[in-house]
Structure formats: structure tokens, C-alpha cells
Amino acid sequence: MEYKPYVRRANYYETDRMGIVHHSNHIRYFEEARIQFLHNIGCDVKEVEKLGLIIPNVDAYAKCEKTIEFSDLLQVDVKLVKFNGVRMEFDYLITFAETGEAAAEGHTAHRFVNSEHKPVSVKHTFPEIYRKMKENVT
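Throughout what follows, the structure given in this document is the object of discussion. What you see is a predicted model; the values in this text were computed from it and never measured. For every chain, the first residue of the written sequence is number 1, and numbering continues from 1 along that sequence. Restriction of local features to residues with pLDDT of at least 70 applies here, the model being predicted, together with a cutoff of 80 or more for giving and counting side-chain atom pairs; totals for whole chains, interfaces and linings are based on all residues. With hydrogens and water set aside, each side-chain value is computed from the structure's full complement of heavy atoms.

1. Describing the layout of surface pockets
Okay, so step 1: Estimated volume of the largest pocket: approximately 160 Å³.
Okay, so step 2: For the largest pocket, the full set of lining residues is I27, E31, R34, I35, L38, V45, E49, I54, I55, P56, N57 and H110.
Okay, so step 3: Secondary structure elements are taken from DSSP: a helix is a run of H or I of four residues or more, a strand is a run of E of two residues or more, and numbering for both begins at the N terminus. Where the lining of the largest pocket is concerned, the elements lending two or more residues are α1 (24-40) and α2 (45-50).
Okay, so step 4: If one sorts the elements of the lining of the largest pocket by residue count, α1 sits on top with five residues.
Okay, so step 5: Residue polarity follows a fixed list, in which Ala, Val, Leu, Ile, Met, Phe, Trp, Tyr, Cys and Pro are nonpolar, Asp, Glu, Lys and Arg are charged, and the others, Gly among them, are polar. Considered class by class, the residues forming the lining of the largest pocket number seven nonpolar, two polar and three charged. A 1.4 Å probe that fits into a set of points on a 1 Å grid over the protein atoms alone but cannot get out defines a cavity; an open set with protein on both sides within 12 Å along at least five of seven lines defines a pocket, and lining residues are those with an atom within 4 Å of a point. Grid points are joined across faces, edges and corners, and a volume is the space filled by probe spheres set on the points.

2. Digging into the nonpolar core
Okay, so step 1: Among buried residues, the Ala, Val, Leu, Ile, Met, Phe, Trp, Tyr and Cys ones that are joined through side-chain atoms within 4.5 Å form a nonpolar core. Burial status follows relative accessibility: with a 1.4 Å probe on protein chains alone, a residue under 20% of its type maximum counts as buried, one over 50% as exposed, and anything between as partly exposed. Core analysis: the largest hydrophobic core is formed by 33 residues, its most contacted members being L38, I68, I94 and M133.
Okay, so step 2: Of all elements in the fold, only α1, α2, β3 (73-83), β4 (87-96), β5 (102-111) and α4 (127-135) reach the threshold of two or more residues within this core.
Okay, so step 3: If sequence neighbours within four positions are ignored, I68 has contacts with A10, I20, V21, H26, Y29, L74, I94, F96 and A103. Every residue pair with non-hydrogen atoms within 4.5 Å of one another is taken to be in contact.

3. Let's talk about the sheet that holds strand β1 (residues 6-9)
Okay, so step 1: Note: two strands are recorded as paired if DSSP finds a minimum of 2 bridges between them. Here we have five strands laid out as an open sheet, ordered β1-β3-β4-β5-β2, and antiparallel in their pairing. Pairing within the sheet leaves two strands with one partner each, and these edge strands are β1 and β2 (57-64). On average, adjacent strands in this sheet sit at an angle of 20° to one another, irrespective of strand direction.
Okay, so step 2: Judged from the nine bridges that link them, β4 and β5 form a sheet pairing that is antiparallel. When the sheet's bridge partners are listed, D91 is paired in β5 with H107. Lines fitted to C-alpha atoms define the axes, with helix axes restricted to the stretch in contact, and inter-axis angles between N-to-C directions lie between 0 and 180 degrees.

4. Notes on unusual backbone geometry
Okay, so step 1: Located in the positive-phi region is S71, a residue other than glycine, with phi close to 80°.
Okay, so step 2: Among the residues examined, S71 registers a relative accessible area of 31% and is labelled partly exposed.
Okay, so step 3: Phi is positive for H117, close to 65°, though the residue is something other than glycine.

5. With respect to α1
Okay, so step 1: Under the 1.5 Å per step criterion, the end-to-end length of α1 is 25 Å for 17 residues, consistent within 8% with the ideal 24 Å.
Okay, so step 2: Along α1, the positions that sit buried rather than exposed are N25, H26, Y29, F30, A33, R34, F37 and L38. Residue count minus one, scaled by 1.5 Å, sets the expected span of a helix.

6. A word on the pairing of β4
Okay, so step 1: Judged by how many residues are buried, β4 sits mostly within the fold: seven of 10 residues are covered.
Okay, so step 2: Taken together, the nine bridges between β3 and β4 define a ladder with antiparallel strand orientation. Bridge pairing in β4 places D77 opposite L93.
Okay, so step 3: Connecting the antiparallel pair β3 and β4 is a turn made up of three residues, with G85 showing a positive phi of about 95°.
Okay, so step 4: The turn linking β4 back onto β5 is made up of five residues, and G100 within it adopts a positive phi angle of 80°.

If you want it as C-alpha cells, here you go:
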């Protein structure tokens, strides 16, 4: 897959009283970028959910390096770093798109579960999803 980073502007409503993007939004940026990444590799979340497979977040971490302000143009790079068919983990780097300077980095972990929230091994139940995910681990 040709990797395409996720690019977006920081919105005014994401800022706090100090005029900077509130740290909780970094996790949202990670999610937006991850959803695009999964779509790009052929594992569109909406389509995956139609199959009865849910991918909850079970861990999230963000470290702020530099203040993000309203209207800053951001690039979020996503890497699928671990995948075993039941669990997957991603690393993220948010940079200022115009300078390449790091703004934040982070990590999330997810499990595959069914509608009853029971763990699912996509290797056995959804081999095509497993293949696409496995091919994109870095």
C-alpha cells in the first residue's frame, strides 16, 4: 500500500481557554488517522462493523511535544506496529505539516470483538481482513 498521511487543520472548538488545542484532542486525531489508514488498506471500519466485528480501543497514550494552536495544519502519521489477529497496536506522530516539526506522539491498542464483546480471532473468522492487516505491519 502507498502510505498517505492524514492531514487536517486544528479547529477553533478544539482549543481551550489558553488558546491551544486541548490535549484530549490528540487522541481524536489519532483515531481519525487510524480510520483513514484502515480504509486505505481495505479494512474500512464501517464495512468491518457490518460483518459483526467491533474494534474497541483498550489503551491510549499521547505525549505533547509542542503546543498546537487554532488553524495549525497538522499531519498525522500512523504505523501499525503489532498485530496478532486478536489485538493490534498503532504508533502515531503528529507534525506541523508546513515545518515537519513534531507536535505530539502516541500509541493505541485495540482488540477485535463480536457484538457480545467476546474476543475474535480474525485469522480464522475473517482471513481476508487478517491478510490485509498482516501485510501492513511495520
